[in-house]
Amino acid sequence: MGEKESKNIAKNRKAFHDYFIEETLEAGIELTGTEVRSLRENSCQLKDCFVLIKKGEAWLYNVHISPYSHGNRANVDPDRKRRLLLHRKQIIDLSHKTAERGFSLIPLSFYFNSRGLVKVELALARGKKLYDKRDSIAKKDAQRDIDRAMKERYR
C-alpha cells in the first residue's frame, strides 16, 4: 500500500497576522459522523476561534462546520463547542502556559492525517500589538521588492 498524504481542510491565515506563534502541537477532535462528512466537502471556517481549558479538558470554540448537505436530523449545531483529544499531561502543561500573561491557544489548521482522521494543529501564541503588525507587513513588502528586483535582474 502506498503512503497517503495529509489533506488540508482549512487554515487560519489570520492567526499569523495577529499572533506570534511560539509553539505548535497536533490534537485530535471529537466530531459526529455528519461533521466529518461535511469536512470532506471542505466546509469549515476557523475565523475568531480559540481553545479554552476547563475542568481538565480542552474545548474548541467558534469553529463553524457547515451542516452536511445530505444530512437530516443527524446534523448538529454548526457552531457548537468541540472537545479536543489530548493527553492529560499535555493539557496540564498547556494550562500552565496559558496562565502566563499574554499567551493563548489558537487552532492554525484542520486536516485529515494519513489514516483519514481529522486533526487540529494548535498553536501557543502571544498577541501582536498594532506596531508589530505594521512591522511584519513592512518586512514582507521589503522582501517582496527584493525578490522582484532579483527576478528582473536575472531575466
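Refer to the preceding data block for the structure.
About the criteria used
- Residues numbered from 1 in each chain as written.
- Predicted model: local features only at pLDDT ≥ 70, side-chain atom pairs only at ≥ 80, totals over all residues.
- Heavy atoms only, no water.
- Helix = DSSP H or I, 4+ residues; strand = E, 2+ residues; numbered from the N terminus.
- Buried < 20%, exposed > 50% of the residue type's maximum accessible area, 1.4 Å probe, protein only.
- Contact = heavy atoms within 4.5 Å.
- Areas by Shrake-Rupley, 256 points an atom, 1.4 Å probe, with all protein chains shown as cover.
- Polar contact = N/O pair within 3.5 Å; in protein donor to acceptor, adjacent residues only side chain to side chain.
- Core = buried A, V, L, I, M, F, W, Y, C linked by side-chain atoms within 4.5 Å.
- Salt bridge = Lys/Arg side-chain N within 4 Å of Asp/Glu carboxyl O.

A.B. asks: Tell me about the overall build of the chain, and please be specific about residues and values.
C.D. replies: Each helix and strand counted, the chain has four helices and nine strands in total. Referenced to the eigenvectors of the C-alpha coordinate spread, the extents of the chain come out at roughly 60 × 40 × 30 Å. For the chain, the residues scored as buried account for 33% of the 155 residues in total. Of all intrachain contacts in the chain linking residues separated by at least 6 positions in sequence, the fraction that spans at least 24 positions is 67%. Roughly 10,700 Å² of accessible area belongs to the chain as shown, and the carbon and sulfur atoms make up 48% of that amount.

A.B. asks: How would you summarise the side chain of Ser43 if you had to cite specific residues and measurements?
C.D. replies: Within the secondary structure layout, Ser43 lies in the loop between helix H2 (33-40) and strand E3 (44-45). Residue class for Ser43 comes out buried when judged on its relative accessible area of 17%. Side-chain polar atoms of Ser43 contact the side chain of Ser38, separated by 2.6 Å.

A.B. asks: Requested: an account of the nonpolar core, with residues and values cited.
C.D. replies: Membership of the largest hydrophobic core comes to 27 residues, with the highest contact counts inside it found for Leu39, Cys44 and Phe110. Going through the elements one at a time, strand E1 (7-11), strand E2 (19-29), strand E5 (57-61), helix H3 (88-99), strand E8 (103-112) and strand E9 (118-127) are the ones with two or more residues in this core. By size, the runner-up hydrophobic cluster in this structure holds five residues, among which are Ala15, Ile106, Leu108 and Ala125.

A.B. asks: Please provide a residue-by-residue account of the pattern of salt bridges, values included.
C.D. replies: Per the stated rule, a full pass over the model turns up 10 salt bridges. Between Glu35 and Arg80 there is a salt bridge whose closest N-O contact spans 2.8 Å. With Glu35 in helix H2 and Arg80 in the loop between strand E6 (64-65) and strand E7 (82-85), this residue pair connects regions lying 45 residues apart in the sequence. The exposure class of Arg80 is partly exposed, given its relative accessible area of 23%. A salt bridge links Asp141 to Arg144; the shortest N-O distance between them is 2.9 Å. Residue Asp141 and its partner Arg144 are both found in helix H4 (residues 130-153); the two are separated by three residues, about one turn of the helix. Linked through salt bridges whose partners overlap, the residues forming this network are Glu23, Asp93 and Lys97.

Everything listed here is a matter of coordinates, which is why it stays silent on function.
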